[in-house]
Amino acid sequence: MTGPTSQTHSGAGSPFSRASSLRTLTCGDLRLTYLPDGYVQLHPLSWFPESSPDYWQDKRDHLDAEGFLIGSVGGLLVEQDGRALLIDTGFGPHRIPAEHTIPPLGRLEGGSLPDSLSAAGRTFSSIDTIAFTHLHDDHVGWAFGAGGADAGPVHARYVASEKEWQGWNMPRSAASRLRGRIETAGDGDEIFPGVTVMATPGHTAGHLSYLIGSGSSRVLVIGDVMHSPLQVARPQWRAASDADPAEAVRSRRRVLRELRRPGTAGFGGHFADVVFGNVTEDSAGPHWQPLR
Ligand SMILES: [Zn+2]
């Protein structure tokens with residue numbers, strides 16, 4: 001085949017200003033499904049301090065009715081021959097109003113990942129491996145029993161980089177559940193058949209991306225290397241939550257080089273309702289072309 005192909009479920013409004021619904025994409029013999037959990041509002045000028053009000057005047061289609069960028073929050077299910085990998089696990093069953101989140105954020109809401117899993121024909125107990133891009137709250141939400149003792153995955157192995165595990169303050173309730181299940185992975189490691197690690201530090205010290213497939217049919221899971229498709233044309237922009245902004249820029253440029261290779265699609269988990277796409281370039285410059 002010539003590249004990954006997708007099926008989508010469309011809704012009303014601009015896909016750049018709404019959270020993603022459940023979406024599937026085929027990559028060789030792997031089936032990828034985006035599992036929505038919720039969304040986060042990002043204040044554009046605070047999230048990207050180097051942007052200007054004039055810039056956003058021209059990007060109204062990327063902003064919701066309240067003037068925020070919309071970040072989808074969820075996980076990516078990867079299936080092959082009955083086996084299942086889940087990359088990131090959403091925010092969990094919580095709704096945080098804007099006045100209780102940190103200033104660059106508006107509302108942050110999760111809760112629908114179990115229903116999304118069910119719609120994909122899965123339950124948490126049927127997941128073999130949980131892999132994390134990094135261990136921020138909007139990525140680990142359902143992994144460690146956030147919704148009660150029976151809500152989170154039980155049988156899976158849990159994979160993240162060594163630096164992420166070292167820097168993570170494990171909830172006491174998770175300690176016994178995770179005993180013997182934690183694994184570390186680094187650049188080039190294969191964590192699931194057809195899925196290899198690409199280290200992309202900067203947003204956090206141990207941030208990982210995941211390259212799914214091979215040859216002319218690949219999908220790169222970029223995690224929080226980018227939070228908006230607009231960063232394809234502005235990789236030098238600092239994001240408010242990048243721990244090491246200079247390192248984050250280097251990782252963005254590395255990811256963009258990979259995404260420009262033939263047959264390579266991207267998965268931007270926070271990319272509104274355009275989570276699957278290609279990086280293309282025309283007279284208007286580089287941009288994110290959603291897969292439809
Ligand atoms: Zn995130």
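What you see is a predicted model, and the numbers here were worked out from it, not measured in a lab.

### With respect to the coordination of the zinc ion
At the metal site, the zinc ion is ligated by Asp138 (OD), His139 (NE2), Asp224 (OD) and His270 (NE2), and these contacts range over 2.1 to 2.3 Å. Angles of 86 to 162 degrees at the metal separate the four donor atoms of the zinc ion, which places the site in the irregular class. Donor residues for the zinc ion sit on one chain with the sequence pattern D-H-x84-D-x45-H. Residue aspartate 138 is found in helix H4 (residues 137-140), and its partner histidine 270 is found in the loop between strand E15 (264-267) and strand E16 (276-282); the two are separated by 132 residues along the sequence. Residue class for aspartate 138 comes out buried when judged on its relative accessible area of 15%. Note on histidine 270: relative accessible area 5%, which makes it buried.

### Things to note about unusual backbone geometry
A positive phi angle, close to 70 degrees, is found at aspartate 88, a residue other than glycine. Here aspartate 88 shows up in the loop between strand E5 (83-87) and strand E6 (95-96). For aspartate 88, a relative accessible area of 6% corresponds to the buried category. Backbone geometry at alanine 272 places phi at a positive 40 degrees, although glycine is not the residue there.

### Digging into the nonpolar core
Ranked by internal contacts, the top residues of the largest apolar core, which has 26 residues, are Leu32, Val78, Ile191 and Ile212. Each residue touching isoleucine 191, except ones within four places of it in the same chain, is listed here: Leu85, Thr129, Ala131, Arg157, Val159, Ala185, Val197 and Tyr210. If you look at the next biggest cluster of nonpolar residues, it comprises 22 residues, including Phe132, Phe144, Trp165 and Trp168.

### Observations regarding the packing of aromatic side chains
Considering all chains together, one arrives at 11 aromatic pairs under this definition. Plain terms: the ring middles of tryptophan 56 and tryptophan 237 are 6.3 Å apart, the flat faces sit at 40 degrees to each other, and that makes the pair tilted. Of the two residues, tryptophan 56 sits in helix H2 (residues 53-57) while tryptophan 237 sits in the loop between strand E14 (217-221) and helix H7 (245-259), which places them 181 residues apart along the sequence. Tryptophan 237 matches tryptophan 56 in its accessibility class, with the two residues each being buried. Counting every residue linked through ring pairs, the aromatic cluster contains Phe48, Tyr55, Trp56 and Trp237. The ring of tyrosine 55 has lysine 59 sitting right over it, with the charged end atom 4.5 Å from the ring centre.

### A look at the confidence of the model for the protein chain
Per-residue confidence for the protein chain averages 91 on the pLDDT scale, and 92% of its residues sit at or above 70. Confidence drops under a pLDDT of 50 for residues 5-11, and excluding neighbours within four residues, the segment shows 17 contacts in the predicted structure. Reported for the predicted complex are a pTM of 0.93 and an ipTM of 0.99.

### Things to note about the pairing of strand E2 (residues 23-27)
Counting buried residues in E2 gives four out of five residues, a clear majority hidden from the surface. Where E2 lies against strand E3 (residues 30-42), five bridges are found, and the strand directions are antiparallel. Its bridge partner being in E3, cysteine 27 is matched across the sheet by leucine 30.

### Some remarks on the sheet that holds strand E12 (residues 195-199)
Strand order across the open sheet formed by seven strands is E11-E12-E13-E14-E15-E16-E17, with mixed pairing between neighbours. Pairing within the sheet leaves two strands with one partner each, and these edge strands are strand E11 (190-192) and strand E17 (285-290). Taking each pair of neighbouring strands and ignoring which way they run, the sheet shows an average axis angle of 35 degrees. With five bridges joining them, E12 and strand E13 (residues 208-214) adopt antiparallel strand pairing. Each bridged residue has a counterpart across the sheet, and for threonine 196 the counterpart in E13 is leucine 211.

What counts, and where the lines are drawn
- Residues numbered from 1 in each chain as written.
- Predicted model: local features only at pLDDT ≥ 70, side-chain atom pairs only at ≥ 80, totals over all residues.
- Heavy atoms only, no water.
- Donors = N, O, S within 2.8 Å, 3.2 Å for Na, K, Ca; no water.
- Tetrahedral: all angles 85-135°; square planar, octahedral: opposite > 155°, others 65-115°.
- Helix = DSSP H or I, 4+ residues; strand = E, 2+ residues; numbered from the N terminus.
- Buried < 20%, exposed > 50% of the residue type's maximum accessible area, 1.4 Å probe, protein only.
- Core = buried A, V, L, I, M, F, W, Y, C linked by side-chain atoms within 4.5 Å.
- Contact = heavy atoms within 4.5 Å.
- Phe/Tyr/Trp six-rings, centres within 6.5 Å; stacked < 30°, edge-to-face > 60°.
- Lys NZ or Arg CZ within 6 Å of the ring centre and 35° of its normal.
- pLDDT = per-residue confidence, 0-100.
- Pairing = 2+ DSSP bridges.
- Axes fitted to C-alpha atoms, helices over the stretch in contact; angles between N-to-C directions.

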